[in-house]
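Reading the structure
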Amino acid sequence: MNLDTLVSIEEIRQLMARYARLADALRWADLAGLFTPDGTFNSYAVDGSPVLEMSGRDVIEERLTSSTTGDVQAIHMLLTMEIEPTGPDTAKGNIAMADLMYRGENYTGTGVNVPDFRVMRGWGHYDADFVKEGGQWYIRTLMQTRTRLEFE
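Described in the following lines is the structure provided in the data block. Everything quoted here is computed from the prediction, not taken from an experiment. (Residues numbered from 1 in each chain as written. Predicted model: local features only at pLDDT ≥ 70, side-chain atom pairs only at ≥ 80, totals over all residues. Heavy atoms only, no water.)

Another aspect to go through is the overall build of the protein. The helix and strand inventory of the protein stands at three helices and six strands. Ordered by position from the N terminus, the helices and strands of the protein form the series α-α-β-β-α-β-β-β-β. Counting only C-alpha atoms, the protein reaches 50 × 30 × 25 Å along its principal axes. Counting across all 152 residues of the protein, residues that qualify as buried make up 41%. Here the contacts in the protein between residues at least 6 apart in sequence split such that 62% fall between residues at least 24 apart. Counting every atom, the protein has about 7,800 Å² of accessible surface; 50% of that belongs to carbon and sulfur. Counting 14 positive and 23 negative side-chain charges, the protein places the averaged centre of each group 2 Å from the other. (Helix = DSSP H or I, 4+ residues; strand = E, 2+ residues; numbered from the N terminus. Buried < 20%, exposed > 50% of the residue type's maximum accessible area, 1.4 Å probe, protein only. Contact = heavy atoms within 4.5 Å. Areas by Shrake-Rupley, 256 points an atom, 1.4 Å probe, with all protein chains shown as cover. Lys, Arg positive; Asp, Glu negative; His and termini not counted. Charge placed at Lys NZ, Arg CZ, Asp CG, Glu CD.)

In structure tokens, the structure reads:
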């Protein structure tokens, strides 16, 4: 592996670390900015049914904002990353993840295809395609597939 490849892998790891930090802070406009303008983000339940399907930065920001309105605390963990550069400005990755979502008394979010809950625990993987534009890496596609979801 050459130095350019290692630098690209580390830059993508940093991109995904920002993704998790911004998700925990519920900073959806900033998180949407990590995607290409036409980027897609789709989340699927354990049975393969869609939880959220989004395309474009504006839609990603709007849908994530509307689904976390009110008293919500999110915790996202990215566990292991397999990043494979596929060209000088492209890469793909598989990232193991876990997340927790807590909804307080004042939760008013809408638009997510999951049971009503106060606490959600989830595990799964992100499959991603990345592209480097203007010297910066962006997420082109992000697909979250769940291996387990628990609700209280």
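Resuming the write-up.
A sheet is described by the order of its strands in space; here six strands give the open sequence β2-β1-β6-β5-β4-β3, paired in mixed fashion. Strand pairing shows two members of the sheet lacking a second neighbour, β2 (50–55) and β3 (72–87), which therefore form its edges. Taking the axes of each pair of neighbouring strands and ignoring which way they run, one obtains an average angle of 15 degrees across the sheet. Strand direction decides the pairing type here: strand β5 (residues 119–133) and strand β6 (residues 136–151), joined by 14 bridges, are antiparallel. Along β6, the bridge assignment pairs Gly122 with Leu149. Set on the sheet, helix α1 (residues 3–24) makes contact with β1 (35–44), β3, β4 (90–103), β5 and β6; between it and β3 the angle comes to about 165 degrees. Helix-sheet contacts for helix α3 (residues 57–67) involve β1, β2 and β6, and the interaxial angle to β2 is about 145 degrees. (Pairing = 2+ DSSP bridges. Axes fitted to C-alpha atoms, helices over the stretch in contact; angles between N-to-C directions.)

Turning our eyes to something else, we now look at the environment of Phe35. Among the structural elements, Phe35 can be located in strand β1. Its relative accessible area of 0% is what places Phe35 among the buried residues. Once the C-alpha coordinates of Phe35 and Arg57 are considered, the two residues, 22 residues apart in sequence, prove to be 6.5 Å apart.

Our next topic: the nonpolar core. Grouped together as the largest cluster of nonpolar side chains are 36 residues, with contacts concentrated most on Tyr19, Leu31, Phe41, Phe130, Ile139 and Leu142. At seven residues, the largest contribution of residues to this core is made by α1. (Core = buried A, V, L, I, M, F, W, Y, C linked by side-chain atoms within 4.5 Å.)

What follows covers the pattern of salt bridges. Any two side chains of opposite charge can pair, given that their charged atoms come close. A full pass over the atoms with the stated rule returns nine salt bridges. Of the charged contacts, one joins Asp116 and Arg103 as a salt bridge, the two residues approaching to 3.6 Å between their closest N and O atoms. Remark: Arg103 occurs in strand β4 and Asp116 occurs in the loop between β4 and β5; sequence separation between them is 13 residues. Assessed through its relative accessible area of 71%, Asp116 is described here as exposed. (Salt bridge = Lys/Arg side-chain N within 4 Å of Asp/Glu carboxyl O.)

It is worth spelling out α3 at this point. Where α3 is concerned, the buried positions are Ile60, Leu64, Ser66 and Ser67. All buried residues of α3 fall inside an arc of 165 degrees around its axis, so they share one side. If you follow the buried residues of α3, they end up packed against α2 (28–32), β1 and β2. (Arc of directions from axis to C-beta.)

Per the stated rule, a full pass over the model turns up five aromatic pairs. Considering the side-chain rings of Tyr19 and Phe41, the 6.2 Å spacing of their centres and the 70 degrees angle between planes classify their relative orientation as edge-to-face. Placement of Tyr19 in helix α1 and of Phe41 in strand β1 is noted, with a sequence separation of 22 residues between them. Owing to a relative accessible area of 6%, Phe41 belongs among the buried residues under this scheme. Pairing Phe117 with Phe151 gives two aromatic rings, centres 5.5 Å apart and planes at 45 degrees, and the pair type is tilted. Of the two residues, Phe117 sits in the loop between β4 and β5 while Phe151 sits in strand β6, which places them 34 residues apart along the sequence. Overall, the relative accessible area of 5% leaves Phe117 in the buried class. Under the relative-accessibility criterion, Phe151 is labelled partly exposed at 30%. If you follow Arg103 out to its NZ or CZ, it ends over the ring of Phe117, 3.6 Å from the centre. (Phe/Tyr/Trp six-rings, centres within 6.5 Å; stacked < 30°, edge-to-face > 60°. Lys NZ or Arg CZ within 6 Å of the ring centre and 35° of its normal.)

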